[in-house]
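# What the coordinates show
Listed below, chain by chain, are the residues.
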Amino acid sequence: QVQLVESGGDMVQPGGSLRLSCAASGFTFSSAAMRWYRQAPGKERELVAGITRDGGSTNYADSVKGRFTISRDNAKNTVYLQMNSLKPEDTAVYYCNADRTWPRLNSWGQGTQVTVSS
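Not measured: the values here are computed from a predicted model.

## Re the pairing of strand β4 (residues 33-39)
A large share of β4 lies buried, amounting to five of its seven residues. Note: β4 against strand β9 (residues 92-100), seven bridges, orientation antiparallel. Counterpart to Gln-39 in the pairing with β9 is Val-93. Here five bridges tie β4 to strand β5 (residues 46-51), and the two strands are oriented antiparallel to one another. Bridging from a neighbouring strand, Trp-36 pairs with Ala-49 of β5.

## Remarks on the nonpolar core
Core analysis: the biggest nonpolar cluster contains 30 residues, and Met-34, Trp-36, Val-79, Leu-81, Met-83 and Tyr-94 have the highest contact counts within it. At the level of elements, β3 (18-25), β4, β5, β7 (68-73), β8 (78-83), β9 and β11 (112-116) are the ones that each hand at least two residues to this core. Those residues in contact with Met-34 that sit more than four places away from it in its chain are Leu-4, Cys-22, Phe-29, Ala-49, Gly-50, Ile-51, Ile-70, Arg-72, Val-79, Cys-96, Asn-97 and Ala-98.

## Observations concerning the sheet that holds β7
Here we have four strands laid out as an open sheet, ordered β1-β3-β8-β7, and antiparallel in their pairing. Only two strands of the sheet have a single partner each, and these edge strands are β1 (3-7) and β7. This sheet shows a mean twist of 15° between the axes of neighbouring strands, independent of strand direction. One ladder, built from six bridges, connects β3 with β8; its direction is antiparallel. Considered in β8, the bridge of Cys-22 is made with Val-79.

## Here's the deal with the side chain of Arg-38
As for its position among the elements, Arg-38 is in strand β4. Taking relative accessible area as the criterion, Arg-38 reaches 6% and is therefore assigned buried. A polar contact is formed between the side chain of Arg-38 and the side chain of Glu-46, at a distance of 2.6 Å. Side-chain polar atoms of Arg-38 contact the side chain of Ser-63, separated by 3.4 Å. Residues within four places of Arg-38 in sequence aside, it is in contact with Glu-44, Arg-45, Glu-46, Val-48, Ser-63, Val-64, Phe-68, Glu-89, Asp-90, Ala-92, Val-93 and Tyr-94.

## Things to note about unusual backbone geometry
At the junction of Trp-102 and Pro-103, the peptide bond is cis and its omega measures out at -15° in the coordinates. Take Pro-103: it is sitting in the loop between β9 and β10 (105-108). The residue Asn-77 is not glycine, and still its phi comes out positive at about 55°. With respect to the secondary-structure elements, Asn-77 resides in the loop between β7 and β8. Positive phi values are uncommon outside glycine, yet Ser-85 reaches one of about 50°. By the element assignment, Ser-85 lies in the loop between β8 and β9.

Conventions we followed
Residues numbered from 1 in each chain as written. Predicted model: local features only at pLDDT ≥ 70, side-chain atom pairs only at ≥ 80, totals over all residues. Heavy atoms only, no water. Buried < 20%, exposed > 50% of the residue type's maximum accessible area, 1.4 Å probe, protein only. Helix = DSSP H or I, 4+ residues; strand = E, 2+ residues; numbered from the N terminus. Pairing = 2+ DSSP bridges. Core = buried A, V, L, I, M, F, W, Y, C linked by side-chain atoms within 4.5 Å. Contact = heavy atoms within 4.5 Å. Axes fitted to C-alpha atoms, helices over the stretch in contact; angles between N-to-C directions. Polar contact = N/O pair within 3.5 Å; in protein donor to acceptor, adjacent residues only side chain to side chain.

Fair warning: the whole summary comes from geometry, so function is off the table for now.
Put into structure tokens, the structure is as follows:
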């Protein structure tokens, strides 16, 4: 079955960096756009970054532009989120999402906690 497993979440100080990974299985990875979302306590889940099937195009939330970079390795069935210059407001559970129009796919991972605090 489709599975997305995030890893790399941790507690870091403001200004620090983390790299999140999401390992995919159970579907043809290169057939799906991949996205990272996050959800902070008491807030709605929000889109952080997305990348097209071939990695040729990316998009970012305004709040992370210039600090976060999404990438993917279709040979390894993995999508990454490099997070630099982290701020306390980046604290959230980060979720990986796979999205494909046909055959329809919209799958989520279990999330990984990122905490930015001094």
